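Residue-level listing of the chains:
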Amino acid sequence: MIRVDEKGFYGKFGGAYIPEMLHPNIEELRDNYEQIVAIPEFQEEFNALLQDFVGRPTPLYLASRLSEKYGAKIYLKREDLCHTGAHKVNNTIGQIILAKKLGKKRIIAETGAGQHGVATATVCALMGMECTIYMGALDIQRQRPNVERMRILGAKVVPATSGSQTLKDATNEAMRQWINNPVDTHYIIGSVVGPHPYPEMVARFQSVISKEIKAQLLEKEGTENPDIVIACVGGGSNAAGAFYHYYNVPQVRLVAVEAAGLGISSGKSAATTALGTPGILHGSKTLLMQTEDGQVVEPHSISAGLDYPGIGPVHAHLFDIGRGEFVAVEDEDAMKAGVELSRTEGIIPAIETAHAIHALNMIEFRPDDIIVINLSGRGDKDLDTYIKWGGY
Amino acid sequence: MNRLHRLFEQKQERVLSIYFTAGFPQLVDTLPVMQALESAGADIIEIGMPYSDPIADGPTIQDSNMVALDNGMNMKKLFEQLQEMRQSISIPVVLMGYLNPIIQYGIEAFCKKCQEIGVDGLIVPDLPMQQYLDEYKGLFENYGLSNTFLISPQTSENRIREIDEHSNGFIYMVSSHSITGAKSEISEEQIAYFKRVEAMNLRNARLIGFGISDKKTFITASTYSNGAIIGSAFIKVLKDSKDLSKDIHTYIQSIIS
Ligand SMILES: Cc1ncc(COP(=O)(O)O)c(C=O)c1O
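Because the structure is a prediction, the values reported are computed rather than measured. Sequence order as written defines residue numbering, which begins from 1 separately in each chain. Naming scheme: in the order in which they are written, chains are lettered from A and ligands are numbered from 1. Per-residue local features of the predicted model are confined to residues with pLDDT of at least 70, and side-chain atom pairs are confined, for both listing and counting, to 80 or more; whole-chain, interface and lining totals are unaffected and use all residues. Hydrogens are left out, water is left out, and the side-chain values use all remaining heavy atoms of the structure.

## Quick look at the overall build of chain A
Secondary structure elements are defined from DSSP: runs of H or I of at least 4 residues count as helices, runs of E of at least 2 residues count as strands, and each element is numbered from the N terminus. When you go through chain A residue by residue, the secondary structure sums to 16 helices and 14 strands. With respect to the principal axes defined by its C-alpha atoms, chain A has extents near 55 × 45 × 40 Å. Accessibility here uses a 1.4 Å probe with only protein chains present; expressed as a share of the type maximum, an area under 20% marks a residue as buried, one over 50% as exposed, and anything in between as partly exposed. Considering chain A as a whole, with its 392 residues, one finds that 66% of them fall into the buried category. Here a residue-residue contact requires only that any non-hydrogen atoms of the pair lie within 4.5 Å. Summarising the internal contacts of chain A: among those between residues at least 6 apart in sequence, 73% fall at separations of at least 24. Accessible surface is estimated by sampling points in the Shrake-Rupley manner with a 1.4 Å probe; for residues, cover comes only from the protein chains shown. A total of about 13500 Å² of accessible surface is found on chain A, and carbon and sulfur atoms cover 51% of it. Side-chain charges of chain A comprise 37 positive and 47 negative groups, with the mean position of each set lying 3 Å from the other. Just so you know, the count uses Lys and Arg for positive and Asp and Glu for negative, and it drops His and the chain ends. Where a charge lies is defined by one atom per residue type, namely NZ (Lys), CZ (Arg), CG (Asp) and CD (Glu).

## Considerations on the sheet that holds strand β8 (residues 205-209) of chain B
Where strands meet in a sheet, backbone hydrogen bonds hold them as pairs that are either parallel or antiparallel. Residue and element names in this part refer to chain B. Overall, parallel pairing links the nine strands, which are arranged β5-β4-β3-β2-β1-β9-β8-β7-β6 in an open sheet. The open sheet has two edge strands with one neighbour each: β5 (146-148) and β6 (150-151). When DSSP finds at least two bridges between two strands, those strands are taken to pair. In terms of strand pairing, strand β1 (residues 15-21) meets strand β2 (residues 44-48) through five bridges, oriented parallel. Residue pairing across strands places Tyr-19 opposite Glu-46, the latter belonging to β2. To obtain an axis, a line is fitted to C-alpha atoms, over the contacting stretch when the element is a helix, and the angle between two such axes runs from 0 to 180 degrees between their N-to-C directions. Against the sheet, helix α1 (residues 3-10) touches β1, β2, β3 (93-96), β4 (121-123), β5, β7 (170-174) and β8, its axis set at about 145 degrees to β2.

## Comments concerning the site of the ligand
Residues and elements named next belong to chain A. The rule for a residue being near a molecule or strand is that one of its heavy atoms must lie within 4 Å of it. Not every one of the 19 residues close to the ligand is listed here, only the nearest: Ser-191, Gly-234, Gly-236, Ser-237 and Ser-376. As used in this structure description, the phrase polar contact means that two N or O atoms lie within 3.5 Å; if the pair is within protein, one of them must be able to donate a hydrogen and the other to accept it, and residues adjacent in sequence are counted only when both atoms belong to side chains. At 2.7 Å from an oxygen atom of the ligand is found a main-chain nitrogen or oxygen belonging to Gly-234. Contacts to the ligand include Gly-235, whose backbone N or O atom sits 3.3 Å from an oxygen atom. Contact with the protein chains removes 97% of the 390 Å² of surface that the ligand exposes when unbound. Each residue belonging to the shell around the ligand can be placed in one class, and the counts come to five nonpolar, eleven polar and three charged. Each residue receives one of three labels: charged for Asp, Glu, Lys and Arg, nonpolar for Ala, Val, Leu, Ile, Met, Phe, Trp, Tyr, Cys and Pro, and polar for the others, Gly being one of them.

## Observations regarding the UniProt feature "active site" (unreviewed entry) in chain B
All names here are of chain B. UniProt positions are given in the numbering used here, feature names are shortened, and annotations may be inferred rather than shown by experiment. Those places that UniProt annotates as "active site" (unreviewed entry) correspond, in this numbering, to Glu-46 and Asp-57. Within the annotated group, the residues that form the lining of the second largest cavity are Glu-46 and Asp-57. In contact with Glu-46, not counting residues within four places along its chain, are Ser-17, Ile-18, Tyr-19, Phe-20, Val-94, Met-96, Ile-123, Phe-170, Tyr-172 and Ile-229. A distance of 3.0 Å separates the side chain of Glu-46 from the side chain of Ser-17, its partner in a polar contact. For Asp-57, the location among the structural elements is in the loop between β2 and α3 (59-70). Taking the relative accessible area as the measure of exposure, Asp-57 reaches 8% and is therefore buried. For each structure, a 1 Å grid was placed over the protein atoms alone; sets of points admitting a 1.4 Å probe that cannot get out are labelled cavities, open sets with protein on both sides within 12 Å along at least five of seven lines are labelled pockets, and lining residues have an atom within 4 Å of a point.

## A few points about the domain arrangement of chain A
Residues and elements named next belong to chain A. According to the domain assignment, chain A contains domain 1 (17-49 + 88-202) and domain 2 (55-86 + 207-389). With 31 residues of domain 1 at the contact, the number on the domain 2 side is 32 residues. Buried area: the accessible area, evaluated with a 1.4 Å probe, that two parts lose upon being put together, summed over both parts. Roughly 2500 Å² of surface becomes buried between domain 1 and domain 2 when both sides are summed, with 57% attributable to carbon and sulfur atoms. Of all residues in domain 1, Tyr-17, Lys-168 and Val-192 give up the largest surface area on contact with domain 2, accounting jointly for 24% of the area buried on that side. Between Lys or Arg on one side and Asp or Glu on the other, a salt bridge is scored when a side-chain nitrogen of the former is within 4 Å of a carboxyl oxygen of the latter. The tally of links from domain 1 across to domain 2 stands at two salt bridges. Run the count over domain 1 and domain 2 and you get twelve residue pairs in polar contact (both at pLDDT 80 or more). Elements represented by at least two residues in the side of domain 1 that touches domain 2 include exactly α4 (88-101), α5 (115-127), α7 (144-152), α8 (167-180) and α9 (198-206). For the side of domain 1 that touches domain 2, the element with the most residues is α8, which contributes six residues. Of the residues contributing to the side of domain 1 that touches domain 2, the split by class is twelve nonpolar, 13 polar and six charged. Domain start and end points were adopted from an automatic or database domain assignment.

## A word on the sheet that holds strand β5 (residues 106-111) of chain A
Residue and element names in this part refer to chain A. Overall, parallel pairing links the four strands, which are arranged β7-β6-β5-β8 in an open sheet. In the strand order of this sheet, the two ends are held by β7 (156-160) and β8 (185-187), each with one partner. Shown here is a sheet whose adjacent strand axes are inclined to one another by a mean of 25 degrees, direction ignored. In this structure, β5 lies alongside strand β6 (residues 130-136), joined through six bridges in parallel fashion. Across the sheet, the residue bridging to Thr-111 is Met-135, located in β6. Strands β5, β6, β7 and β8 of the sheet are contacted by α8, whose axis makes an angle of about 160 degrees with β5.

## A few points about unusual backbone geometry
Along the chain, Arg-56 of chain A connects to Pro-57 of chain A via a cis peptide bond; the corresponding omega equals -5 degrees. Tracing the chain through its elements places Pro-57 of chain A in the loop between α2 (40-54) and β3 (60-62). Residue Pro-197 of chain A is bonded to the preceding His-196 of chain A through a cis peptide linkage, with omega at 15 degrees. The topology assignment puts Pro-197 of chain A in the loop between β8 and α9. Its identity as a non-glycine residue notwithstanding, His-282 of chain A has a phi of 45 degrees, on the positive side. Of note in this structure, Asn-201 of chain B is not a glycine but carries a positive phi near 50 degrees.

## Details of the UniProt feature "domain: Tryptophan synthase beta chain-like PALP" (unreviewed entry) in chain A
Residues annotated by UniProt as "domain: Tryptophan synthase beta chain-like PALP" (unreviewed entry) correspond here to residues 55-377 of chain A. Between the first and last C-alpha atoms of residues 55-377 of chain A the distance is 14 Å; the span itself is 40% helix and 21% strand.

## Examining the pattern of salt bridges
Within this structure, the stated rule accounts for 41 salt bridges over all chains. One salt bridge connects Lys-168 of chain A with Asp-53 of chain B, and the closest N-O pair in it is separated by 2.8 Å. Here Lys-168 of chain A, found in helix α8, pairs with Asp-53 of chain B, found in the loop between β2 and α3, and the two come from separate chains. Each of the two residues, Lys-168 of chain A as well as Asp-53 of chain B, counts as buried. Each of the salt bridges in this network shares a partner with another, and the network as a whole consists of Glu-41, Glu-45, Lys-100 and Lys-101 of chain A.

## Quick look at the pairing of strand β11 (residues 277-281) of chain A
Residue and element names in this part refer to chain A. Examined bridge by bridge, β11 and strand β12 (residues 284-288) share five bridges and lie antiparallel to one another. When the bridges of β12 are listed, Leu-281 appears paired with Ser-284. Taking the residues that link successive antiparallel strands as the turn, the β11-β12 hairpin has two residues, and the phi of His-282 there is positive, at about 45 degrees.

## Re the packing of aromatic side chains
Aromatic rings from Phe, Tyr and Trp, with only the six-membered ring used for Trp, were paired whenever their centres fell within 6.5 Å, and each pair was classed as stacked if the ring planes differed by under 30 degrees, edge-to-face if by over 60, and tilted otherwise. Tallied over the full model, the rule gives 20 aromatic pairs over all chains. Summarising the aromatic geometry, the rings of Phe-319 of chain A and Phe-326 of chain A are spaced 5.3 Å apart at their centres and angled 85 degrees between planes, so their arrangement reads as edge-to-face. Look at Phe-326 of chain A and you get buried, because its relative accessible area is 18%. On the basis of an interplanar angle of 50 degrees and a centroid distance of 6.0 Å, the ring pair of Phe-8 of chain B and Phe-170 of chain B is categorised as tilted. Of this pair, Phe-8 of chain B sits in helix α1 while Phe-170 of chain B sits in strand β7, placing them 162 residues apart in sequence.

So this is what it looks like as structure tokens:
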């Protein structure tokens, strides 16, 4: 069984390795979130917003030309059609309702590419809550349009100037600011990372993805279970959502796609399961890229959303016990796969998502296999990167 | 019984503990800074083991961590530098740092090495009490290391009692809702929290840290505790110093005399 235990562990990974100053916040969340999420009123509000604001259920689309090309039945779960352009908003809707029920007045969040920042700024505008987003100073330069989207939505964007000035440093900064503002502030983490109960909580909010896949496949194929589910993994929230209801269905293969950057052994990579070892990052024990001395290594990926030196503890566990198949896709192959999907199906994917598309070339399957690829986001935010790359 | 216990037996008031980052400002400065601290009159030395992602630290200590790492500091080097420290240092020495580098060194090897060179205690901010009890307590105790927990104004009375029960050495009272960083004032609200904890009559000594920077804040904090810890303000002294031993002496004297 893949399940989080009482102490917040998935097998060897997880837990809550946090400074004592955050203990009351984490305890408050841990003690309350399951009850709050279980009450019908919460569920009603969550489901209504997912339907009317986010636009769920998102379609499960049979990609005929892609299917023909690869020789399998390939469905795309269209998270790219969510409001704000990616799956990230499923989680921010859940957490903002929770924050309100906990009586919080302010929201803070980290962001890398800006997708989670935009999704957070959006729900804060929706609920009239004050919003501060921490973003690496380097990412602020690289992702200007998303920075301005957040500002238009009324959020304050604060540069994280420490360390490498990217996602991991933005996460550090958000945690520090939570220590500084423990009482009235809720921290909306953007992936299945961080101290327990965040990884499980975020996965549950994202699990709507596989819940819908099951119902939609049943209707289209007469079975709830595909043969293979493929998703990209940065921290792992879209993958956790797409895998969630299949964790304990062993005949469904779960393929997690990491970013190899310039190549696994190039020194410029974000392929955590290939390069990482067990350690502690952002409050949980997981696999992370680090030096022998336990200093966290800067990752590299062309997609800012996969540019993270760790993965969520549930994925470290899936890897550890062999329940997940992990592959790593290089920058160049991902970019080409993005163009391939654009031209075979008329969908320009986010570059994160393009990694998952390329994985079709890396795994084995049979002609009658049903494959679901989680199309985590659309490519609008990445136009600059596509243009700079230029290979189309 | 280690040096920390002996210190608190002899001295219950205005205990001054100084934090600095190993290998800062220069790689070779670790031991000279310690020697200067002891001769200037500090009571406890807290050596920070630098880490790439110090989530409980403000900009000053973040920077000193980065500089130390760039200087080439790591756990092995630190232990080499400290190998002979007990020839010149007699006051208690505590290592402070984040859990990941300790785990990568190997927790038992780490504890063993600490005992061998004469380290008295550890402060690991991201090692929570439950994990400590489940996995680390036995080891720390086997190697004679005191473990210090942090508490903050948010920590409940029950939890403070629990922490007191499992501490042996001192309790680190974080002075406000805050990451590390020097401040020049202590507020009424902070004093109310100091008094509240003082009235609990804990069995361990209490040192107040985070935001203590000068004689005034040191004395105020010490009024309601057994003493205080200075970190960021001292790092700033080191950073600007042209003559470490002289400047350390002047700074420590400005606080305790
Ligand atoms: C479209 C898209 N896919 C995937 C990710 C990676 O995050 P996760 O692994 O949490 O799904 C991001 C992150 O920004 C994203 O924007």
